[in-house]
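Structural overview
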Amino acid sequence: MLMDHPNWLKQRANLTPDRMAVIQGDHKLTFIQLFHEAKKMAGQLKSFGLRKGDTAAVLLTNRMEMVIAVHACFLLGVRIVLLNTKLSMAERTYQIEHSEAKLLLTEQPFIEKHRGEQLARAVDIEDVQNAACPPVTEIESIHLDDAATVMYTSGTTGRPKGVMQTFANHYFSAVSSALNLGLQEHDRWLIALPLFHISGLSALFKSVIYGMTVVLHQRFDAEEVLRSIKDNQVTIASVVQTMLSRLAAKVDSCPGSLRCLLLGGGPAPLSLLEECKRKRLPVVQSYGMTETCSQIATLAPEYSIEKLGSAGKPLFASSIKIENNGTECQPGEHGEITVKGPTVMKGYLKNEAANKASFNDGWFKTGDIGYLDDDGFLFVLDRRSDLIISGGENIYPAEVEAVLLSHPNVAEAGVKGVDDKTWGKVPHAYLVADSHVAEEELSEFCKERLASYKVPKAFHFVGKLPRNASNKLMRHQL
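Residues numbered from 1 in each chain as written. Predicted model: local features only at pLDDT ≥ 70, side-chain atom pairs only at ≥ 80, totals over all residues. Heavy atoms only, no water.

Formally: UniProt positions are given in the numbering used here, feature names are shortened, and annotations may be inferred rather than shown by experiment.
The name given to the chain in an unreviewed UniProt entry is 2-succinylbenzoate--CoA ligase, and the organism recorded there is Bacillus haynesii. Reading the Sequence similarities (unreviewed entry) entry of the UniProt record for the chain gives the comment "Belongs to the ATP-dependent AMP-binding enzyme family. MenE subfamily."

Listed below in structure tokens is the structure:
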């Protein structure tokens, strides 16, 4: 049985009240100020009907109010579902319904789109902040084995699965990261990744656990980020491949304060890593996923040159094993990456079939392919054989194919990733379809049902799709 912790924000505000917690442009909050703002919002959310044990869906962009809202919900004892702002209305509606969220906390323009929804009461964050603030008794302690957050990730079947991340998952993720990257007195962590992604959200928990400042950006802009690194003396920044390549194109050498560019979201091309090496950009490769509460393997700084291209070794409390048909692989042998440790999710929400299929004796089967070298360093070959990673966003072909097959003129559909200089990979669709259907029509059809980054960038019409003897689509032959 895991022990309880004092509420993280309240404890941090008590320990180091005057340290800077969050900076976003000219808006700055110390930890004690953040606590007071969160406690006030907790009372306001209570006036909208939220109670301990409820679930709230959060559909907000990167803004100070989202940071406050996350901590406000924890002060109330409310579980949070983080909704991707890029998803279509249908995709978000499913997640709200499946998670049984009692309240949808959002902003313009999303508020108008969800106003008619009966699944959860949609409220504007600004209306919440203007509401009366009744007295609230904050939750003094948190149970580490309770689910704190839920993030939905599409399975290979295309059906979204709710990843239950516990307070323990988040705590051990923060501690393990510090044991690997080190923790310095003046560390400041820049986040331009969305807070609805685990790579962004995890920095908020590191902030209160470490007593560290988060420098928050609404979105990624290379020039603004570089200016912010200098002005705010940023020491660490989380990036994905597209962000890293744009930053590398803008600089000739590393900014003075920066000691780590934590790279996630899929393997980076060796040419980009070598460019960063020449420019002395301190890239630290990592491997992780929503189910492991961010990084579970990271390349220690002292091996960044010697093991260029590796995702490193497992973090201190975690284990990694490569398996092939249930047998542990030898060094250099390719197989499925399986992981174990306290950062691995509690399970998928209301999905026992997926939980049973994903775990084996406590080991989580990632579906990703990789190998360990003779020294035990992990090399990731592919993020699931069919998964497309586009600008750090995961795209599952089966989900896109299901939408295309719902079009009356499409008989068969296959989707695969194609190399793209800007996004790493983009989806292309291969169709057996009625000759009367136009690409523009299919594109619009997808845009109504999918997030924009999931919409195929090209449509190829073919006579038949490659299938094996079991009639299973062989995407690698598209």
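Here the narrative resumes, following the displayed structure.
1. A look at the sheet that holds strand 13 (residues 236–239)
This is how the line gets drawn: Any two strands between which DSSP finds at least two bridges are classified as paired. Put simply, DSSP marks the helices as runs of H or I at least four residues long and the strands as runs of E at least two long, and each gets a number from the N terminus on. Contacts between residues were defined by any pair of non-hydrogen atoms, one from each residue, lying within 4.5 Å. Only the contacting stretch of a helix is used when fitting its axis, a line to C-alpha atoms as for every element, and angles between N-to-C directions run 0 to 180 degrees.
What the nine strands build is an open sheet, ordered 3-2-12-11-13-14-15-16-17; its pairing is mixed. Taken across any chain shown, the strands that pair with only one partner, and hence form the sheet edges, are strand 3 (27–30) and strand 17 (313–314). Examined bridge by bridge, strand 11 (residues 188–191) and strand 13 share two bridges and lie parallel to one another. Within strand 13, the position partnered with Leu 190 by the bridge is Ala 237. Against the sheet, helix 8 (residues 198–210) engages strand 2 (20–24), strand 11, strand 12 (213–216), strand 13, strand 15 (283–289) and strand 16 (294–298), with an angle of about 155° to strand 11.

2. So, helix 13 (residues 397–405)
Heads up, the rule is: For the exposure calls, accessible area comes from a 1.4 Å probe over protein chains only, and a residue counts as buried if that area is under 20% of its type's maximum, exposed if over 50%, partly exposed in between.
Among the nine residues that make up helix 13, seven are buried, leaving the element largely enclosed by the rest of the structure. Taken as a whole, helix 13 has its buried residues at Pro 397, Ala 398, Glu 399, Val 400, Glu 401, Val 403 and Leu 404.

3. Description of the state of the cysteines
Our working definition: Here, a disulfide means two cysteine sulfur atoms that sit within 2.5 Å of each other.
Evaluated as defined, the whole model comprises zero disulfides. The cysteine Cys 254 is free of any disulfide, with Cys 276 supplying the nearest cysteine sulfur at 10 Å.

4. A look at the environment of Lys 161
Relative to the helices and strands, Lys 161 is located in strand 10 (residues 160–166). C-alpha separation for the pair Lys 161 and Asp 221, spaced 60 residues apart in sequence, amounts to 31 Å.

5. Details of the sheet that holds strand 28 (residues 424–433)
Read from one edge to the other, the open sheet built from three strands follows the order 27-28-29, with strand pairing classed as mixed. Unpaired on one side and paired on the other, strand 27 (410–420) and strand 29 (458–461) mark the two borders of the sheet. On average, each strand axis in the sheet is tilted by 30° relative to the strand beside it, whichever way the strands run. Judged from the 10 bridges that link them, strand 27 and strand 28 form a sheet pairing that is antiparallel. From the neighbouring strand, Lys 416 faces strand 28, where its bridge partner is His 428. Lying on the sheet, helix 14 (residues 439–447) is in contact with strand 27, strand 28 and strand 29; it crosses strand 29 at an angle near 125°.

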